[in-house]
Amino acid sequence: METARLLLRQTTLDDADAVFAIFADPHVTQFHDLDTLTHVEQAIALIKRRAKEFESGRGIRWGIALKANHRLIGSIGTKIRNQKRSIGIYRRVIAIIQGTLY
């Protein structure tokens, strides 16, 4: 899925550095169900865990990327917990795009 400026896509291991940058920010993780990341290996594990959740039908979390360069700037998704769905949108405004509306 895409807009004029953004792509919604599955994250891959190639996104590990960007996932780490997003979830190493305590302003992001304070509203998330995981601890603030301290190592890129944790981002790799997170990407793999989310891929398994998607494959098993327990949830979906897609990356939000800039269309111009495919740079990951956040994510959106849903999880199924006790037959209920919760939807969350998480993004980190990277300094280079602050003030830009997408």
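Just so it is clear, the model here is predicted, and its values are computed rather than measured.

Conventions adopted
- By convention here, each chain's residues receive numbers from 1 onward along its written sequence.
- Per-residue local features of the predicted model are confined to residues with pLDDT of at least 70, and side-chain atom pairs are confined, for both listing and counting, to 80 or more; whole-chain, interface and lining totals are unaffected and use all residues.
- Excluded from the side-chain calculations are hydrogens and water; all other atoms, namely the structure's heavy atoms, are used.
- Nonpolar cores were defined as sets of buried Ala, Val, Leu, Ile, Met, Phe, Trp, Tyr and Cys residues, with membership established by side-chain atoms within 4.5 Å.
- Three labels apply to residues, based on accessible area from a 1.4 Å probe with only protein chains included: buried if under 20% of the type maximum, exposed if over 50%, partly exposed otherwise in between.
- Only DSSP runs of H or I covering at least 4 residues are called helices, and only runs of E covering at least 2 are called strands; the numbering of each starts at the N terminus.
- Residue contacts are counted whenever heavy atoms from the two residues lie within 4.5 Å of one another.
- Basic side-chain nitrogens of Lys or Arg form a salt bridge, by our definition, when they fall within 4 Å of a carboxyl oxygen of Asp or Glu.

Asks: Explain the nonpolar core to me, using residue names and the numbers behind them.
Replies: Counting 13 residues, the largest nonpolar core has Val19, Ile22, Phe23, Leu34, Leu37, Leu46 and Leu72 as its most contacted members. Counting only elements with at least two residues in this core, the list comes to helix H1 (16-23) and helix H3 (40-56). Considering every element that reaches this core, the biggest residue donor is H1, with four residues. If we skip the residues at most four places from it in the chain, Leu46 touches Val19, Phe23 and Leu34.

Asks: Lay out the pattern of salt bridges with the relevant residues and their values.
Replies: A side chain of one charge can pair with a side chain of the opposite charge if their charged atoms are brought near each other. In total, this model carries three salt bridges according to the counting rule given. Linking Lys67 and Glu2 is a salt bridge whose minimum nitrogen-to-oxygen distance equals 2.6 Å. Of the two residues, Lys67 sits in the loop between strand E2 (59-66) and strand E3 (72-81) while Glu2 sits in the segment before strand E1 (6-10), which places them 65 residues apart along the sequence. The exposure class of Lys67 is partly exposed, given its relative accessible area of 31%. Here Glu2 falls in the exposed class, since its relative accessible area comes to 51%. Between Arg9 and Asp15 there is a salt bridge, with its nearest N and O atoms 2.8 Å apart. For Arg9, a relative accessible area of 19% corresponds to the buried category. A relative accessible area of 8% means that Asp15 is categorised as buried.

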